[in-house]
Amino acid sequence: MRIATWNVNSLKVRLPHVLDWVGKHRPDVVCLQETKLEDVNFPLDAFSNAGYQALFSGQKTYNGVAILSRSACSDVVAAVPGFDDAQKRVLAATVDGVRVVCVYVPNGESIDSEKYRYKLKWLAALNAWLKRELERFPRVAVLGDFNIAPEARDVHDPLVWDGQVLFSTPEREAFKNLLALGLKDGFRLFEQPEKSFTWWDYRMNAFRRKMGLRIDHVLLSTELAKLCTACSIDVDPRKAERPSDHAPVIADLKIP
DNA sequence: ATGGTAGAAACTCTA
């Protein structure tokens with residue numbers, strides 16, 4: 001079973017990229033973030049023709065998440081239960097016995113921003129909910145844009161980013177608190193190249209200069225981590241014409 | 001110095 005996550009930064013613009021990519025990599029499940037589409041405009045037929053069912057929770061202009069899957073989904077949840085949030089950032093479903101949770105964690109803007117406080121509250125609510133999901137399901141995969149670089153090696157220049165949003169101590173603590181629930185960072189289960197990043201600013205030729213951050217993650221419950229045979233970042237889509245600013249992350253699971 | 005780019009929408013906000 002191959003699962004993946006990709007912040008597409010507008011599914012309207014990136015639909016050809018996504019169709020091309022799923023054709024190449026044949027994932028069983030793909031979590032998408034920043035679709036920026038109202039549900040009525042979701043390109044269901046295009047994915048259906050490519051062999052995928054789709055769940056989606058979107059809104060105009062901002063946010064929006066979706067799960068593409070080859071198999072049917074059940075137990076669909078489109079928000080963190082009990083957390084009042086107008087922003088469409090969460091989608092969960094059970095696919096082939098795996099509890100898939102697609103997340104688009106708030107960016108936070110800057111550490112003195114109201115949006116940053118919202119980000120930390122949002123992460124606390126996610127944590128409390130995932131704790132319960134992990135009690136319900138042995139096989140849990142949380143995939144998405146976490147907008148947090150967990151460690152110094154996940155940042156092109158840790159001194160420049162020290163204390164900044166996406167790399168501040170409270171955010172990294174919140175990420176550690178997710179791992180403390182019994183989740184593993186899938187990418188770090190394997191040896192990886194240095195300077196492995198998933199996001200590069202559109203500005204300042206950041207991609208060409210390898211000035212990125214690793215902020216998109218695949219977190220796996222203990223049982224799923226044992227079944228994970230590979231996890232990698234595919235930087236190729238970032239080289240395309242009109243790319244998303246994020247690259248996809250892929251994990252392979254050997255489900256018995 | 002407070003840039004620079006991209007997307008959506010509507011001349012600004014978010015990332």
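Residues numbered from 1 in each chain as written. Chains lettered and ligands numbered in written order. Predicted model: local features only at pLDDT ≥ 70, side-chain atom pairs only at ≥ 80, totals over all residues. Heavy atoms only, no water.

Trainee: Talk me through the sheet that holds strand β12 (residues 216-221); I want residue IDs and the actual numbers.
Mentor: What the 6 strands build is an open sheet, ordered β5-β6-β7-β8-β12-β9; its pairing is mixed. Edge positions in the sheet fall to β5 (73-77) and β9 (183-185), since each has one partner strand and no second. Direction aside, neighbouring strands of the sheet carry axes that sit 20° apart on average. Those strands touched by helix α3 (residues 114-136) are β5, β6 (90-95), β7 (98-104), β8 (140-145), β9 and β12, and its axis lies near 175° from that of β7. (Pairing = 2+ DSSP bridges. Helix = DSSP H or I, 4+ residues; strand = E, 2+ residues; numbered from the N terminus. Axes fitted to C-alpha atoms, helices over the stretch in contact; angles between N-to-C directions. Contact = heavy atoms within 4.5 Å.)

Trainee: Help me get a handle on the sheet that holds strand β1 (residues 2-7), residues and values and all.
Mentor: Taking strand neighbours across the sheet as the criterion, the 6 strands line up as β3-β4-β2-β1-β14-β13 in an open arrangement whose pairing is mixed. Two strands bound the open sheet, and with one partner strand each, they are β3 (53-57) and β13 (228-233). Averaged over all pairs of adjacent strands, the angle between strand axes in this sheet comes to 10°, irrespective of strand direction. One ladder, built from 5 bridges, connects β13 with strand β14 (residues 249-253); its direction is antiparallel. Bridged to Ser232 within β14 is Ile250.

Trainee: Give a detailed account of the protein's contact with DNA strand B, specifying residues and quantitative values.
Mentor: Around DNA strand B sit 16 residues in total, of which Ser10, Arg14, Lys60, Thr61 and Arg203 are the nearest. Here, DNA strand B places atoms within 4 Å of the protein, and 66% of those atoms are sugar or phosphate. Between a phosphate oxygen of DNA strand B and a side-chain N or O atom of Lys115, the distance comes to 3.3 Å. In terms of residue count, helix α1 (residues 11-25) provides more of the surface near DNA strand B than any other element does, 3 residues in total. (Near = heavy atom within 4 Å. Polar contact = N/O pair within 3.5 Å; in protein donor to acceptor, adjacent residues only side chain to side chain.)

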